[in-house]
Amino acid sequence: MTLSRHGSTSWRMAAQATLHCLTGCAIGEVLGMMIGTALGWTAAPTVALAIGLAFVFGYALTMRPLLSSGMDVRDALKVALAADTVSIAVMEIIDNTVMLAVPGAMEAGLANWLFWISLAFALAVAFVLTVPVNKWLITRGKGHAVMHQHHHGHQQHNH
């Protein structure tokens, strides 16, 4: 196993980073799908809104602990962009591809179990396929490793 600056990168660490990313993605995804579906939008604008909100919530969840540790918004945004962009992008590509591939999922509507089962399945597939990507990134000091370096470095700097 390749060693990063902080020792070996475990699958657990990669899974935790992916779970963190998944949380933001899921919030944005569900909200985007709900808004687009409620407004009667077609698949394309609904997916675009869901992806946009997934990035917003993904970055916001990463920025929260950085901001609470005293980091300014601009620096926290830089860290969030470095930590999460690849992970969120991979997750969104997989998630939305699965949603579009399940027959009738996008047209099912919020009251239909097919929509929710498909969305849960899509997010689960995205999680499983994004964990190795995050492991690879963290091992190379990228992805969530960037956040941990900045977060811990900033805390030590303040004390």
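Residues numbered from 1 in each chain as written. Predicted model: local features only at pLDDT ≥ 70, side-chain atom pairs only at ≥ 80, totals over all residues. Heavy atoms only, no water.

### Thoughts on the packing of aromatic side chains
Any pair of aromatic rings gets described here by the distance separating the centres and the angle formed by the planes.
Thinking step 1. Applying the stated criterion across every chain yields a total of two aromatic pairs.
Thinking step 2. Arranged with centres 4.9 Å apart and planes meeting at 90°, the rings of Phe 115 and Trp 116 form a pair that is edge-to-face. (Phe/Tyr/Trp six-rings, centres within 6.5 Å; stacked < 30°, edge-to-face > 60°.)

### So, helix α1 (residues 11–38)
Thinking step 1. Taking 1.5 Å as the rise per residue, α1 with 28 residues should run 40 Å; its terminal C-alpha atoms sit 38 Å apart, in good agreement.
Thinking step 2. What α1 keeps buried is the set Ala 14, Ala 17, Thr 18, Cys 21, Leu 22, Gly 24, Cys 25, Gly 28, Glu 29, Gly 32, Met 33 and Gly 36.
Thinking step 3. In the stretch just after α1, Gly 40 is the one whose phi turns positive, near 75°. (Helix = DSSP H or I, 4+ residues; strand = E, 2+ residues; numbered from the N terminus. Expected span 1.5 Å × (residues − 1). Buried < 20%, exposed > 50% of the residue type's maximum accessible area, 1.4 Å probe, protein only.)

### Quick look at the nonpolar core
Thinking step 1. Membership of the largest hydrophobic core comes to 28 residues, with the highest contact counts inside it found for Cys 25, Met 33, Met 91, Met 99 and Phe 115.
Thinking step 2. When contributions to this core are tallied by element, the ones reaching two or more residues are α1, α2 (43–68), α3 (73–101) and α4 (113–139).
Thinking step 3. A total of eight residues in this core trace back to one element, the largest contributor, which is α3.
Thinking step 4. Those residues in contact with Phe 115 that lie beyond four places of it in its chain are Met 33, Thr 37, Met 99, Ala 105, Ala 108, Gly 109 and Leu 110. (Core = buried A, V, L, I, M, F, W, Y, C linked by side-chain atoms within 4.5 Å. Contact = heavy atoms within 4.5 Å.)

### Considering α3
Thinking step 1. Asp 84 marks where α3 bends most, by close to 50°.
Thinking step 2. Where α3 begins, the side chain of Asp 72 points an oxygen toward the backbone nitrogen of Arg 74, at a separation of 3.1 Å. (Bend = angle between axes of the 7 residues up to and from the residue. Polar contact = N/O pair within 3.5 Å; in protein donor to acceptor, adjacent residues only side chain to side chain.)

### A look at the packing of α3 against α4
Thinking step 1. Here α3 crosses α4 at 145°, and the two axes come no closer than 8 Å. As for the relative orientation of α3 and α4, their crossing is right-handed in sense. (Axes fitted to C-alpha atoms, helices over the stretch in contact; angles between N-to-C directions. Left-handed = near helix turned anticlockwise from the far one by under 90°.)

### Here we look at the state of the cysteines
Thinking step 1. Going through the model one piece at a time under the given rule, you end up with zero disulfides.
Thinking step 2. Cys 21 takes part in no disulfide bond, and the closest cysteine sulfur to it belongs to Cys 25, at a distance of 3.9 Å.
Thinking step 3. Using a relative accessible area of 0% as the deciding quantity, one classes Cys 25 as buried. (Disulfide = S-S within 2.5 Å.)

### Brief notes about a nonpolar patch on the surface
Thinking step 1. A grouping of Leu 31, Ile 35, Leu 39 and Trp 41 is seen on the molecular surface, where their side chains present a nonpolar patch of about 350 Å² in accessible area.
Thinking step 2. By secondary structure assignment, the location of Leu 31 is in helix α1. (Patch = residues over 30% accessible without salt bridge, like charges linked within 9 Å, V, L, I, M, F, W, Y side chains within 5 Å. Areas by Shrake-Rupley, 256 points an atom, 1.4 Å probe, with all protein chains shown as cover. Salt bridge = Lys/Arg side-chain N within 4 Å of Asp/Glu carboxyl O.)

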